[in-house]
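Listed here are the chains, written in short residue letters.
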Amino acid sequence: MVAQKEKMITKGQLFLFIIQAQIGVGILSLPSKLNETAKGGGGLSVLVAGAITQFAILLLWLLLKNFPGLNLFNICLKLGGPIIGSLLIIVYIGYFILLGSNIMLSAVEVLRRWMLQTTPRWAVLGLFSIMTLYLAREKLTVLARFYTLASLLFIPLFLFICYGLTQAHLENMLPLLEKGVWNIVKGAKDTTISMYGFELMLIIYPLSEGTDKQKLLTVSLANLFVTLFYVFVVSTCLMFFNSEQMKMIPEPVIYLMKSLSFFIVDRADILFLPIWAITLVCSIVSYCYAASFGLSVLFRRKSHRNFAPFVKITTFMIALAPVTSVGIHLLDTASAYAAYLFIGGLPLVMLIISQFIKRKGSGPA
């Protein structure tokens, strides 16, 4: 009983784990994308995306609630049997590896554009791989503790972005409905892609403390925090830059930092990017941990530790493969469509099947 208790993470750690998994590299370019689609209504698009994400969280929660104490991989085996269940586990492992590779590549591309222009991509990818391998091999409780410490870095990030409000102009956002309601809903699609990571609750849900309702509330509060943080970042950028300026700036959040000048720091973006990189490391580690954990279930091993190096080598190779901007875009697009299938499609099918089995099981013997 004591050993089992040590493996459990607290509700607070679950809250911070989901936040760290959700906030990724997409937020850096999101204000520019939303300016193109929804203009001043970009903040409203984020709120719509938050509502869509909450609906997806509820769907995943209902699935997990039907199988107490089981994670995604156990549920796959329970519903699909040894053959189909194993195939489902393999495709989910592939999904987690794909997402981890895409996040790592996107992070490296941003760092090379703004700080490490002459550094070879393989070298930066290698450094990210070493950092994330070191963490991905550890137990969930170790990850949760690291994420808790890393969450303290949100304070300087928040303060950096807050400083941009000193030069913000509210009229840059008005009118909010300039592009119409449909474009605001359309902008929610780009935002939803930037908010992936909550699906990792499928892995860590049984290893967290609390009742089903408490866990749902915890994950929902994490999603609310991420949504409000995104609204704040997007709105600040939309007020700081006018619409024409935003069209020329691919990563407005970093450019906002670069344009600010403090008394003792000339370029705040040099401080901002390393701090932000820690959050990106947490996202990458989360997906690598999930893939390694899936392999341990597939091969019936007690620990995922020995599978982490294989996952990291695979993510490194996938992230290294695209050599042109077209290849990078294809990987990004593939990740987006895969997320629709593995977060929305397959869990919905599994939920329907589980309800059917439950009804069948409750019938007369």
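It should be emphasised that the depicted structure is a prediction, and the values quoted were computed from it without experimental measurement.

Got a sec to walk through the overall build of the protein? Specific residues and values, please.
The helix and strand inventory of the protein stands at 16 helices and zero strands. Buried residues in the protein amount to 53% of all 365 residues. By sequence separation, contacts in the protein at least 24 residues apart represent 82% of the contacts at least 6 residues apart. For the protein, the accessible area works out to roughly 17000 Å², and carbon and sulfur atoms hold 70% of it. The distance from the centre of the 29 positive side-chain charges to the centre of the 15 negative ones in the protein is 14 Å.

Describe in detail empty space enclosed by the protein, supporting the description with residues and values.
Within the structure shown, the criterion is met by one cavity of 30 Å³ or more. In this structure, the largest cavity encloses a volume near 30 Å³. Lining the largest cavity, in full, are Leu28, Ala107, Val110, Leu111, Leu273, Trp276, Ala277 and Leu280. Here the element with the most residues in the lining of the largest cavity is helix H14 (residues 268-298); it accounts for four residues.

Could you give an account of the nonpolar core, with specific residues and numbers?
Phe73, Tyr92 and Phe96 are the most contacted members of the largest nonpolar core, which totals 122 residues. Here this core gets 21 residues from one element, more than from any other, and that element is helix H5 (residues 72-114). With residues near it in sequence (within four places) discarded, Tyr92 still touches Leu72, Phe73, Cys76, Phe342, Leu346, Pro347 and Met350.

Give me the lowdown on the packing of aromatic side chains, citing residues and values where you can.
The final tally for this structure, using the stated rule, is 21 aromatic pairs. Arranged with centres 6.2 Å apart and planes meeting at 35°, the rings of Tyr92 and Phe96 form a pair that is tilted. Within this pair, Tyr92 and its partner Phe96 are both found in helix H5, separated by four residues, close to a single helical turn. An identical accessibility class is assigned to Tyr92 and Phe96; each is buried. Ring geometry for Phe240 against Phe241: centres 4.8 Å apart, planes inclined by 75°, an arrangement best described as edge-to-face. Just as Phe240 is buried, Phe241 falls in that class too. Every member of this aromatic cluster is reached through a ring pair, and the members are Phe73, Tyr92, Tyr95, Phe96, Tyr287, Tyr289, Phe293 and Phe342. Geometry around Tyr205 places Lys215 over its ring, the cationic atom sitting 4.5 Å from the centre.

With reference to specific residues and values, describe the pattern of salt bridges.
Applying the stated criterion across every chain, the model contains four salt bridges. With a shortest N-O distance of 3.7 Å, Arg121 and Glu109 are connected by a salt bridge. Of the two residues, Arg121 is situated in helix H6 (residues 121-136) and Glu109 in helix H5; the sequence distance between them amounts to twelve residues. Across the pair Glu251 and Arg113 runs a salt bridge whose closest N-O atoms are separated by 2.4 Å.

Please give an account of the state of the cysteines that cites residues and values.
On inspection of all chains with the given rule, the structure shows zero disulfides. Free cysteine: Cys76, not disulfide-bonded; nearest cysteine sulfur from Cys288 at 19 Å. Here Cys76 falls in the buried class, since its relative accessible area comes to 0%. In this structure Cys237 is a free cysteine whose sulfur lies 12 Å from that of Cys162, the closest cysteine sulfur available.

Provide a residue-level description of the environment of Ile9, including the pertinent values.
Tracing the chain through its elements places Ile9 in the loop between helix H1 (2-7) and helix H2 (11-22). In this structure Ile9 comes out as buried when scored by relative accessible area, which is 0%. For the pair Ile9 and Val142, spaced 133 residues apart in sequence, the C-alpha separation works out to 9.4 Å. With sequence-adjacent residues up to four places away left out, Ile9 is seen in contact with Leu14, Leu140, Thr141, Ala144, Ile204, Leu207, Ser208 and Glu209.

Calculation criteria
Residues numbered from 1 in each chain as written. Predicted model: local features only at pLDDT ≥ 70, side-chain atom pairs only at ≥ 80, totals over all residues. Heavy atoms only, no water. Helix = DSSP H or I, 4+ residues; strand = E, 2+ residues; numbered from the N terminus. Buried < 20%, exposed > 50% of the residue type's maximum accessible area, 1.4 Å probe, protein only. Contact = heavy atoms within 4.5 Å. Areas by Shrake-Rupley, 256 points an atom, 1.4 Å probe, with all protein chains shown as cover. Lys, Arg positive; Asp, Glu negative; His and termini not counted. Charge placed at Lys NZ, Arg CZ, Asp CG, Glu CD. 1 Å grid on protein atoms, 1.4 Å probe; cavity = no way out; pocket = protein on both sides within 12 Å on 5 of 7 lines; lining within 4 Å. Points joined across faces, edges and corners; volume = space filled by probe spheres on them. Core = buried A, V, L, I, M, F, W, Y, C linked by side-chain atoms within 4.5 Å. Phe/Tyr/Trp six-rings, centres within 6.5 Å; stacked < 30°, edge-to-face > 60°. Lys NZ or Arg CZ within 6 Å of the ring centre and 35° of its normal. Salt bridge = Lys/Arg side-chain N within 4 Å of Asp/Glu carboxyl O. Disulfide = S-S within 2.5 Å.

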